[in-house]
Amino acid sequence: MPATLITPTYLDHKTAVVKPVPTACDAVNGNRIPNSGTLSLEMTSTAGGTVTVAFPNKVDGQTVPPLSYTLTGAQTKMAGGWPVSLYGSEVLVTGSVNTITLVATDAG
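Residues numbered from 1 in each chain as written. Predicted model: local features only at pLDDT ≥ 70, side-chain atom pairs only at ≥ 80, totals over all residues. Heavy atoms only, no water.

(A) Summary view of the side chain of Asp26. Relative to the assigned elements, Asp26 resides in the loop between strand 3 (23-24) and strand 4 (31-34). Among the polar contacts made by the side chain of Asp26, one reaches the main-chain amide nitrogen of Val28 at a distance of 3.1 Å. Engagement of the side chain of Asp26 in a polar contact is seen with the backbone nitrogen of Asn29, the distance being 2.8 Å. Discounting chain neighbours no more than four positions away, the residues touching Asp26 are Thr4 and Asn31. (Helix = DSSP H or I, 4+ residues; strand = E, 2+ residues; numbered from the N terminus. Polar contact = N/O pair within 3.5 Å; in protein donor to acceptor, adjacent residues only side chain to side chain. Contact = heavy atoms within 4.5 Å.)

As structure tokens, this is what we get:
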């Protein structure tokens, strides 16, 4: 099956938004998230695990290597700032377990 889409909540300086409800990682199919270059991910775990962010883009014909973030126990981490020219207009996110949740925000 294709990766499950997570639509980022768009932020701007004029209007504050209520923090979105986190989405459980699809540990089987992964998740895909549009990237405008200002995408931020909040990753939260109740029992630990790994989140891998992969990029379908290539630079000079070379695959851009994925990044992995390890969460230990009950923990929240944030990551972001993937320029489209290097990382592409979509990121692929896979959590090792579906107890890891994501909040995607984008200021683009």
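Anyway, onward from the coordinates.
(B) How the structure looks around unusual backbone geometry. Here Asp60, not a glycine, exhibits a phi torsion of approximately 50°, which is positive. With respect to the helices and strands, the residue Asp60 is situated in the loop between strand 7 (58-59) and strand 8 (62-63). Owing to a relative accessible area of 76%, Asp60 belongs among the exposed residues under this scheme. (Buried < 20%, exposed > 50% of the residue type's maximum accessible area, 1.4 Å probe, protein only.)

(C) Spotlight on the pattern of salt bridges. Applying the stated rule across the entire model yields two salt bridges. Between Lys19 and Glu42 there is a salt bridge; the shortest N-O distance is 2.7 Å. Of this pair, Lys19 sits in the loop between strand 2 (9-10) and strand 3 while Glu42 is found in strand 5 (residues 39-45), placing the two residues 23 residues apart along the sequence. Assessed through its relative accessible area of 52%, Lys19 is described here as exposed. (Salt bridge = Lys/Arg side-chain N within 4 Å of Asp/Glu carboxyl O.)

(D) Region of the structure containing the packing of aromatic side chains. Throughout the structure, instances matching the rule amount to two aromatic pairs. Centre to centre, the rings of Phe55 and Tyr87 are 4.6 Å apart; their planes meet at 50°, and the pair counts as tilted. One end of the pair, Phe55, is in the loop between strand 6 (49-54) and strand 7; the other, Tyr87, is in helix 1 (residues 84-87), with 32 residues separating them in the sequence. Taken together through their ring pairs, the aromatic side chains of Phe55, Trp82 and Tyr87 make up a single cluster. (Phe/Tyr/Trp six-rings, centres within 6.5 Å; stacked < 30°, edge-to-face > 60°.)

(E) Quick look at the pairing of strand 5. In terms of burial, strand 5 is largely enclosed, as five of its seven residues are buried. Bridge count between strand 5 and strand 12 (residues 101-106): six bridges; the pairing is antiparallel. Bridging across to strand 12, Thr44 finds its partner in Thr101. Here strand 5 pairs with strand 10 (residues 75-80) via six bridges, running antiparallel. Along strand 10, the bridge assignment pairs Leu41 with Ala79. (Pairing = 2+ DSSP bridges.)

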